[in-house]
Amino acid sequence: MKLDDIKNMEATYLDYKESLETTKPVSWLKSVVAFANTKGGHIIFGVTDEEHKFIGIDNLQQTSSKISELISTRVSPWPRFTLAPIDSEYSDKKCIDLEVAPGPDYPYYYINTQEHAIFMRHGDRSEKATPIEQNNLLLKGMNKTFDALPTSYKLPDVSFTLLAATFKKETGEDFDISRDLISMGFVTQDNIVTNAGLLLCDQGYLRQSKIVCTRWKGIEKGSVDGDALDDEEFTDASLITLLSNAEAFIRTNSKNPWTIRGMRREENSDYPFKAVREVLVNALIHRDYQIQGSEVHVDMFDDRMEIVSPGGMINGSRIQDLNLKHVPSMRRNEIISDIFGRLHYMDRRGSGIQRILSAYTDFVEQPIFYSDDTVFLATLPNRGIATPKSPLQNKESNIIKKWNEKGINKIFRGQTTKKLLEFYMRYSSKYSFNRNLLANFLEIAPNSASKIIQKCREIGIMRMEKRGVYFFTDLG
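Every value quoted in this text rests on a predicted model; they were computed, and no experiment measured them.

Peer 1: Is there a simple way to think about the overall build of the chain in this case?
Peer 2: Counting secondary structure elements, the chain contains 16 helices and 21 strands. Here the chain holds 476 residues, and the buried ones make up 44% of them. Residue pairs in contact within the chain that sit at least 24 positions apart in sequence constitute 63% of those at least 6 positions apart. Accessible surface, the chain as shown: approximately 25000 Å² in total, 48% of it carbon and sulfur.

Peer 1: Before we go on, may I ask you to explain the sheet that holds strand β12 (residues 211–216) in this structure?
Peer 2: Adjacent strands of a sheet form backbone hydrogen bonds with each other and so pair up, either parallel or antiparallel. The sheet built from 6 strands is open, its strands ordered β13-β12-β16-β17-β19-β18 with mixed pairing. Only two strands of the sheet have a single neighbouring strand rather than two, namely β13 (228–234) and β18 (368–371). With direction set aside, neighbouring strand axes in the sheet form an average angle of 10°. Of the strand pairs in this sheet, strand β17 (residues 304–310) and strand β19 (residues 375–381) are connected by 7 bridges, and their pairing is antiparallel.

Peer 1: Mind showing me how you'd approach helix α15 (residues 435–442) here?
Peer 2: Of the residues making up α15, those classed as buried are Leu 438, Ala 439, Phe 441 and Leu 442. All buried residues of α15 lie within an arc of 165° about the axis, which places them on one face of the element. N-cap assignment for α15: the residue whose side-chain oxygen lies 3.2 Å from the backbone N of Asn 436 is Asn 434. Where α15 ends, the next residue or the one after it, Glu 443, has phi of about 60°, a positive value.

Peer 1: What exactly am I supposed to notice about the packing of aromatic side chains here?
Peer 2: Given two aromatic rings, their pairing is described by the distance between the two centres and the angle made by the two planes. What the rule picks out here adds up to 13 aromatic pairs. Arranged with centres 5.4 Å apart and planes meeting at 75°, the rings of Phe 340 and Tyr 345 form a pair that is edge-to-face. For the pair Phe 340 and Tyr 345, one class covers both residues: buried. Ring centres of Phe 423 and Phe 433 lie 5.0 Å apart, and the angle between their planes is 85°; on these two criteria the pair is classed as edge-to-face. Linking Phe 423 in helix α14 (residues 414–427) with Phe 433 in the loop between α14 and α15, this pair joins segments that are 10 residues apart in sequence. Phe 433 shares its class with Phe 423; the two are buried. For Arg 383, the ring lying beneath its charged end belongs to Tyr 360, and the centroid distance is 6.0 Å. Taking the ring centre of Phe 441 as reference, the NZ or CZ of Lys 419 above it sits at 4.8 Å.

Peer 1: I keep staring at the confidence of the model for the chain and nothing clicks. Help me out?
Peer 2: Close inspection of predicted coordinates is inappropriate in any region flagged by low pLDDT. The share of residues in the chain with pLDDT of 70 or more is 88%, and the mean pLDDT across the chain is 85. Mean pLDDT in the chain bottoms out at strand β15 (residues 264–266), which sits at 56, and peaks at strand β16 (residues 296–300), which reaches 96.

Peer 1: Looking at this structure, how should I read the environment of Arg 435?
Peer 2: Examined against the element boundaries, Arg 435 turns out to sit in helix α15. Exposure remark for Arg 435: the relative accessible area of 33% places this residue in the partly exposed category. Placed 11 residues apart in sequence, Arg 435 and Pro 446 show a C-alpha to C-alpha distance of 6.1 Å. Filtering out sequence-adjacent residues up to four positions away, Arg 435 remains in contact with Pro 446, Asn 447, Ala 449, Ser 450 and Ile 453. Polar side-chain contacts of Arg 435 include one of 3.2 Å to the side chain of Asn 447. A distance of 3.1 Å separates a polar atom in the side chain of Arg 435 from a polar atom in the side chain of Ser 450.

Thresholds applied
Residues numbered from 1 in each chain as written. Predicted model: local features only at pLDDT ≥ 70, side-chain atom pairs only at ≥ 80, totals over all residues. Heavy atoms only, no water. Helix = DSSP H or I, 4+ residues; strand = E, 2+ residues; numbered from the N terminus. Buried < 20%, exposed > 50% of the residue type's maximum accessible area, 1.4 Å probe, protein only. Contact = heavy atoms within 4.5 Å. Areas by Shrake-Rupley, 256 points an atom, 1.4 Å probe, with all protein chains shown as cover. Pairing = 2+ DSSP bridges. Axes fitted to C-alpha atoms, helices over the stretch in contact; angles between N-to-C directions. Arc of directions from axis to C-beta. Polar contact = N/O pair within 3.5 Å; in protein donor to acceptor, adjacent residues only side chain to side chain. Phe/Tyr/Trp six-rings, centres within 6.5 Å; stacked < 30°, edge-to-face > 60°. Lys NZ or Arg CZ within 6 Å of the ring centre and 35° of its normal. pLDDT = per-residue confidence, 0-100.

Put into structure tokens, the structure is as follows:
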């Protein structure tokens, strides 16, 4: 790997060290531990941290050996890592790329005579893990999730009447208490109730499963015009009840609520039912229930609704940094995720975000997703006052979708794809063009335009009418 390639990485996965610190190795070993505990990363020795100036390492072999020695004596368990030299066109010296892989023997510790410390990666910094992060790593190392842990409750202390009735209604199958509670993970073989059982039992004994719903006046919390128009707190109940109550609150406080006619839900509503259901379900099943005193918040404003759940993404990513079409499906609570999938409350294939976005296809304002180390926030625009897309915008969106299906975004760079779209919107499938016209529009050489035309013909978005004369394929 070249140094320039590494410099283009996100700062979350990258640290620079001017030289190897051996007297106080925690300065870089904490990043080794943090990378191993999160998503991996690179430490580049021989590059300044501030200006990223290439300096190089004097004795490559000796420095590499010392890096391996310090990792083996100060990090436990021993993480997976590789050391590789990196050349630079600016110097005869080389620098060292220490690449650390994530896991699988979580958690990883920095050890010395005074302490055993766990570090995590937070943005571009390696910091000591919080108690909750430490617990999550311990569970990850045991290949367990929080909802699978046994509690102090026994089976006679709880009931599952609503779960059994809902299972029958949604699947058409009987819920066998003596068999299914154990096989699905709500109760252990010794009749000890798990955290998942507490979340789905009728009593709702896990108190931090509370949902707080508020309809605010205006577009801000506590605006000058007044505070809350309506508010409810839902607690001490099964997740099934909490979901139903939150949906009812949203429907009641929507000017244009969703309605049911026959067997079909009408989606002419401020907030589409499918998107609301998806966001609420995600908030309930993917939240971090280890955070005591926390709850899911539903805040409704005139122009939008915000749903906030405790705990960021399980793999440490930030949702706003990801391609929403390719967000990995990862489950913090596998047992309750599984039962919600069986009840058809969610899609097990991880396509929830796409269903949310598809409900806003015809609007300029789009759902917004944000996460950090402690929260996940989903914002749904109020479609009752959102700006409808013009027919031209809808056509453009449809074309982009079809072009992406054909892989055009993988063939050309972003700016070329954008300019091609502009060219298509101008000529569509009705007007012919030649390579010189395309070259002038894209501001490239005619030979380069010919190559683009050839690739477009290969993937089926252009066709040749006669020699030198081309048309776009009609993509609607």
